[in-house]
Amino acid sequence: MTVPAWALVSNVPDLADFSDAEFLQSLAWDKGAPRAVRDAASAGEPGPFLKAWRDYAGPATGGRKLSGWACLWSQASWPDDVDPGRLLQAAIPTVKPSAKARKGAIKAAADWPRRLAPLLDRLTSHAAKAHAAARTMGAESAATTDAAGPLTILAAAELWAIRGGSLPAGPAFALWRGLLTALRAALSTPVDETAPLDMQLVRQGELPFLAGAFFPGLTGSSALLRDGKKYLARKLSDHTDSDGTPHAELLPRLPLWLAPLVRATWWSELADVSLWNGDQQILLRETIEHATPLCRLDGRLAMGNGLAIDAFPLLNAAAAILGLSTDQPAAGYLKAIAKASAGKVVKSRPAMTEADVPSTQSDWARFALLRTDWSPQADTLAITHHQRFPQMDVAALGQPLLHGDWPLQLQIGDSLFELADEWSCVCWVSDADVDYLELQMEGPGNLRVERMVLLSRRDHFLLLADSIAGAPAEKITLRSQFPLAAGVTAQADTATREIRLQAGRQKVRAFPLGLACERVQSTPHTFAVADDQLLLEQVAAGTGLVAPVVFQWSPELVKKEAVWRTLTVSEAGKVAPAGTAAGFRLRIGDSQWLVYRSLKKPKEARTVLGHHSWNETVIGRFDKNGDLDPMLMVE
C-alpha cells in the first residue's frame, strides 16, 4: 500500500518546535473541506478551529465507550511498548485504579494538561524519532524505531473518541494535534513485512483507516481511508473460509488478529463512515461466531499456544458492535461465560438441531473444532493440520487436558517413514452422537497413514488413534505422543497399563486399547509418561496396525474398574490375517464400547464380538441387552 503525503504541507521533522498557530497554518486541506474549518486553521487560532472542527467531525468525539480499553486488546503484539494502560490511567484515574492511585486521583478540570502529559509526551517523542528514522536510517531501523508507536496512537485515538468532546479547549487541541502528528509519523515509516499478521493488520489497515476516518478533509485522508478499508477487507477475506472459519495459521494469535478488525468497525461507527459492505460484515460476524466457542472460562482461546490474553472482552464487544442476535448460540455462550465467571451455575445445553451444533470443520482452513455443546463446561477438541504434525487442544468438562503438537514417528523395517508437510481431512461427521475427524497422509506405494479423532457428545469419551494400512509386510513400529496441557499431572496405574490424569479438579483416565490390559502380561509395546507427555509405542507384524487410545472422564465412571482387550476379527468364518482389521473392547463398570477398524476392503462382511459389518470404521456402545448401539459407522 502506498501512503500518500498528507495533513502537513512539508515533511518537517521538528514538529515540536511549531507553535499551535504555525501547526494549524501548515495543514493542507482538500477543496471539499468546510470553509469554516479552513478559515479557522488559516487564522491559527486553536479555540475557534476546534469549535469548527467539532461541528464538522463531531461523531468521532464523545462516542460510547467499550467494556475496558480496546487499545489494550493488542498489547501483546508490542510487548516492549510503553504500557498504554498506564498512560490512560494517568489521563483518567478512574480506570482500574489501585488504592494508591485512588488516593492521589486528580479530578479538577484545570489539571487536564497534567493528566494528558505522559500520553502527549509519548506521542510527540515517538513522532520526532519516527520522522528522523525515516529520513536518516534504513527501512529496517526505521521500522524498529516505530515498533512502539501503534499502541500509543490507539490509546490516544480511543481517549479522543470518548472524551474529546468534553475536554477543555487547550487539552483537547493538544490531544488532537498529538494524535494527528503521531499518525502521520507512523504512516511515513516503512512497514516490517516480516512482522506477524496482526501487527501488519494494525499498521497497514487500521491506522490508515483511523487517520482517514478521524481527520476528514485533510489532504490525503480520503486515500488513506480508501486504502485502509481495502487492506482490512482483503486480509479478512484472505485468511478466513467463506463461512468465516479462520485459517489454522491465525489461531495462535487469533485475538490479536481480530482486535484491529473489531476496533476498526468501532472507529467507523464513531466517525460515521462506512467500512464493510454487506457481505464483508456478514463474514466478520461469522468469524467472530467461529472464534467464540474457542473461548474458555478464563477468557483464553483454545489453540493459543500459551498466549495469555483474555479474549472475552474483545468477543463481547464484537458481539455488540456487529449486532450478533441474542438468539444465536454464540451470543448465548458469551452470556454463559459471563455468568460462570461470576460464580453462577450454568447448565449444559445439548445441541438440539444441526444449527445449534458448535462444531465446525474446514478443509481450506485446515482446522476443526469438535465440541459437545454450548456450555462453558463442554468437552472440546480443537485441531489444526496445516503442518507436519497436527496440533490439538483438548478440554474435559471445560478443563484443559491436552495441548500442543501431536507427533508421530513411523518405522517400517529399519527405515523411518518421512512425513509430509501437511495432512488432508478425508472424513468429517458431526451429529447428535459424536464429532469425528479423520486425517490422512499418503506414502509411497499403497501406504496410508490416518489419524482418527472421535469425541462423544454424551459419554465424556475421546478416541485418538493412528491407523496404518498398505505397508510392506515388515515389522511396523509406531510412536505417538500426546502433549499434556500446563498443570496436568499423570500417574501410571500399578495393575494395568491405564494412566490417570488430573486436570484441575477433573480426573481423566487414558487406556491404550492396542496393548495388553494387565501389566503382568509381557508386551513389546509401551504406554508411559515422560516430559509432560504420554508416550505410546506399538509394534505389529504385517501390513498395518491400529493404535487407539481412549480418554474417559465421565464422573460416574471415574472409580469403576476398567478392562480392555484386543478382539478377534473373522471373515468368511476364518480369523482375519494380521494387517487386515482390528477390533477392541473397553469395559468400565457396566459400560462397554467397541472400536473396530478395517485396513483392507472385505470380500464379505466381517464379524467382531458378534457384530457383522462391511464398514471401514465402527465405534459403538453396548446396551443392557448386549446389542451394539453404533455411535459412528463409516463406510
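Residues numbered from 1 in each chain as written. Predicted model: local features only at pLDDT ≥ 70, side-chain atom pairs only at ≥ 80, totals over all residues. Heavy atoms only, no water.

1. A few points about the sheet that holds strand 7 (residues 415-416)
To keep it simple, the criterion reads: By this definition, two strands are paired if DSSP reports at least two bridges between them. Numbering of helices and strands starts at the N terminus; helices are DSSP runs of H or I of at least 4 residues and strands are runs of E of at least 2.
Pairing within the open sheet is antiparallel, and its five strands lie in the order 7-6-12-17-16. Edge positions in the sheet fall to strand 7 and strand 16 (526-530), since each of these pairs with one other strand and no more. Note that strand 16 and strand 17 (residues 533-542) share five bridges and pair antiparallel. In the sheet register, Phe527 faces strand 17, and the bridge partner there is Leu536.

2. Here we look at the nonpolar core
Short version of the rule: Among buried residues, the Ala, Val, Leu, Ile, Met, Phe, Trp, Tyr and Cys ones that are joined through side-chain atoms within 4.5 Å form a nonpolar core. For every residue, the accessible area obtained with a 1.4 Å probe (protein chains only) is divided by the maximum for its type, and the residue is called buried under 20%, exposed over 50%, and partly exposed between those limits. Note on definitions: a residue-residue contact is assigned when non-hydrogen atoms from the two residues lie within 4.5 Å.
Core analysis: the biggest nonpolar cluster contains 110 residues, and Phe49, Trp176, Phe214 and Trp267 have the highest contact counts within it. With 11 residues, the top contributor of residues to this core is helix 12 (residues 254-271). When residues no more than four places from it in sequence are discounted, the contact partners of Trp267 are Leu154, Ala157, Glu158, Ala161, Glu206, Phe209, Leu210 and Phe214. With 49 residues, the next largest nonpolar core counts Leu455, Ala471, Phe527 and Ala547 among its residues.

3. Some details on the side chain of Gln391
Our working rule: We call two N or O atoms a polar contact when they sit within 3.5 Å, provided that within protein one can donate a hydrogen and the other can accept it, with sequence-adjacent residues counted only if both atoms are side-chain atoms.
Residue position: Gln391 is located in strand 4 (residues 391-396). Look at Gln391 and you get buried, because its relative accessible area is 12%. A distance of 3.4 Å separates polar atoms of two side chains, one belonging to Gln391 and the other to Asp405.

4. Overview of the pattern of salt bridges
Test applied: A carboxyl oxygen of Asp or Glu within 4 Å of a side-chain nitrogen of Lys or Arg is what we treat as a salt bridge.
Going through the model one piece at a time under the given rule, you end up with 22 salt bridges. The closest approach of N and O atoms between Arg296 and Asp393, which form a salt bridge, is 2.6 Å. Highlighted residues: Arg296 in the loop between helix 13 (278-291) and helix 14 (312-321) and Asp393 in strand 4, separated in sequence by 97 residues. For Asp393, a relative accessible area of 3% puts it in the buried group. One network of salt bridges, in which partners are shared, links Glu438, Arg448, Glu450, Arg597 and Glu616.

5. Regarding helix 2 (residues 35-43)
Defined as follows: Note: the arc covers the axis-to-C-beta directions of the helix.
Considered for burial, the residues of helix 2 that qualify are Val37, Ala40 and Ala41. Each buried residue of helix 2 sits inside an arc of 100° when the element is viewed along its axis, so together they form one side. Seen from the open side of helix 2, the exposed residues pointing more than 90 degrees away from its buried face are Arg35 and Ser42. The elements touched by buried residues of helix 2 are helix 1 (20-25) and helix 3 (46-57). Gly44 sits one or two residues past helix 2 and shows a positive phi near 70°.

Honestly, it's all geometry; don't read function into it.
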